[in-house]
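For reference, the chains in residue letters:
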Amino acid sequence: MIVGVLSVQGAVSEHLKHLERCAVETAAVKNIESLNKVSGLIIPGGESTTIGKLLDIFGLAEEIRSRSLQGSLAIFGTCAGMVLMAREIMDGIKEQPKLALMDISVQRNAFGRQRESFETELEFYSFDSSLTAVFIRAPLIAKSGPGVKVLARVPEGIVAARQGNLLTTSFHPELTDDLRVHQYFIEMCQNI
Ligand code: GLN
């Protein structure tokens, strides 16, 4: 089983290092050929508009969508990745490209300038101790559909959720030493 990291823009190498530390085979996904080899795909943080445009240019958006809808690809979107996975982006630019896979409404840059970048402890579903979460110009899930399981919250709203083979976090689990969120995703990929 190979777990890939979308490698068009953003925090790619940190995710690859975390996956390697979890002893799973990894791939940098840049085109359809590399996408076809993976059972799971991490969409990293970065700039969602840029990543979305590049997904379209490289012809990856349609392939990711159809593999996900067929149930042959698990996806984990962090931060900008969450924005791309959302069915609704509440305050995106007019032509914000998106994959629109998850039944969530996401607000971009939801913490404003005061809390542009911060770290906090939170409870994550099924983990037996709290998790340190790093937020950088992070989005929030403002609304979620009935098929979406909430995995973590902060006082402002939902920051981690799962819907079938889709996982998303507002924060960056690749930026701490804690491997538990990546391990959780790897288990999802093993069940694909
Ligand atoms: N604010 C960025 C966006 O909406 C995401 C920031 C990040 O991924 N760290 O694209």
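Scroll up to find the structure this text is about.
Residues numbered from 1 in each chain as written. Predicted model: local features only at pLDDT ≥ 70, side-chain atom pairs only at ≥ 80, totals over all residues. Heavy atoms only, no water.

Considering the arrangement of structural elements, one finds Lys143 in strand E9 (residues 140-144). Each C-alpha atom of the pair Lys143 and Glu88 lies 9.3 Å from the other, and the pair is 55 residues apart in sequence. Excluding its chain neighbours within four sequence positions, the residues that come into contact with Lys143 are Glu88, Asp103, Ile104 and Ser105. (Helix = DSSP H or I, 4+ residues; strand = E, 2+ residues; numbered from the N terminus. Contact = heavy atoms within 4.5 Å.)

As a further point, take the site of the ligand. All residues adjacent to the ligand are Gly45, Gly46, Glu47, Ser48, Cys79, Ala80, Val83, Arg108, Asn109, Ile136, Arg137 and His172. In this structure, Asn109 approaches the ligand through a side-chain N or O atom, which is 2.6 Å from a nitrogen atom. Contacts to the ligand include His172, whose side-chain N or O atom sits 3.2 Å from a nitrogen atom. Starting from 300 Å² of accessible surface for the ligand in isolation, the protein chains cover 97%. Counted by class, the shell around the ligand contains 4 nonpolar, 5 polar and 3 charged residues. (Near = heavy atom within 4 Å. Polar contact = N/O pair within 3.5 Å; in protein donor to acceptor, adjacent residues only side chain to side chain. Areas by Shrake-Rupley, 256 points an atom, 1.4 Å probe, with all protein chains shown as cover. Nonpolar A, V, L, I, M, F, W, Y, C, P; charged D, E, K, R; others polar.)

Time to look at the state of the cysteines. If you walk through the whole model with that rule in mind, you get 0 disulfides. In this model Cys189 remains outside any disulfide bridge; the closest cysteine sulfur is found in Cys22, 11 Å from its own. Classification of Cys189 as buried rests on a relative accessible area of 2%. (Disulfide = S-S within 2.5 Å. Buried < 20%, exposed > 50% of the residue type's maximum accessible area, 1.4 Å probe, protein only.)

Moving on, we come to unusual backbone geometry. In this structure, Asn109 is a non-glycine residue whose phi angle is positive, near 45°. Given a relative accessible area of 42%, Asn109 falls into the partly exposed group. A positive phi angle, near 75°, is found at Ser126, a position not held by glycine. Summarising the element assignment, Ser126 is placed in the loop between strand E7 (117-122) and strand E8 (131-136).

Here we take up the pairing of strand E4 (residues 74-78). In terms of residue burial, E4 counts as a mostly covered element, since 5 of its 5 residues are buried. Here E4 shows no split at all, with Ala74, Phe76 and Thr78 on one side and Ile75 and Gly77 on the other all buried. Inspection of the sheet shows strand E3 (residues 40-43) paired to E4 by 4 bridges, in the parallel sense. In the strand pairing of E4, Ile43 is matched with Gly77. Sheet topology note: the E4/strand E12 (residues 166-169) ladder contains 4 bridges and is parallel. Along E12, the bridge assignment pairs Phe76 with Leu167. (Pairing = 2+ DSSP bridges.)

This part is about helix H3 (residues 48-57). For H3, the full list of buried residues reads Ser48, Thr49, Ile51, Gly52 and Leu55. Take H3 and look down its axis: the buried residues cluster within an arc of 165°, on one side only. In this fold, the buried residues of H3 make contact with strand E1 (2-6), helix H4 (60-70) and helix H5 (80-85). (Arc of directions from axis to C-beta.)

Bringing the pattern of salt bridges into the picture now. A complete count under the given rule lists 5 salt bridges for this structure. When the shortest N-O distance is used, the salt bridge between Arg21 and Asp177 registers 3.7 Å. Taken together, the residues Arg21 in helix H1 (residues 12-21) and Asp177 in the loop between E12 and helix H6 (180-190) connect sequence positions 156 residues apart. For the salt bridge of Glu88 with Lys143, the shortest nitrogen-to-oxygen distance reads 4.0 Å. Of the two residues, Glu88 sits in strand E5 (residues 86-89) while Lys143 sits in strand E9, which places them 55 residues apart along the sequence. (Salt bridge = Lys/Arg side-chain N within 4 Å of Asp/Glu carboxyl O.)

This paragraph deals with the packing of aromatic side chains. Scanning all chains against the criterion turns up 7 aromatic pairs. Where Phe124 meets Phe127, the ring centres are 4.4 Å apart and the plane angle is 20°; that geometry is what we call stacked. You can call Phe124 buried: its relative accessible area is 3%. Taking relative accessible area as the criterion, Phe127 reaches 14% and is therefore assigned buried. Among the aromatic side chains, those forming a connected cluster through ring pairs are Phe111, Phe118, Phe135 and Phe171. (Phe/Tyr/Trp six-rings, centres within 6.5 Å; stacked < 30°, edge-to-face > 60°.)

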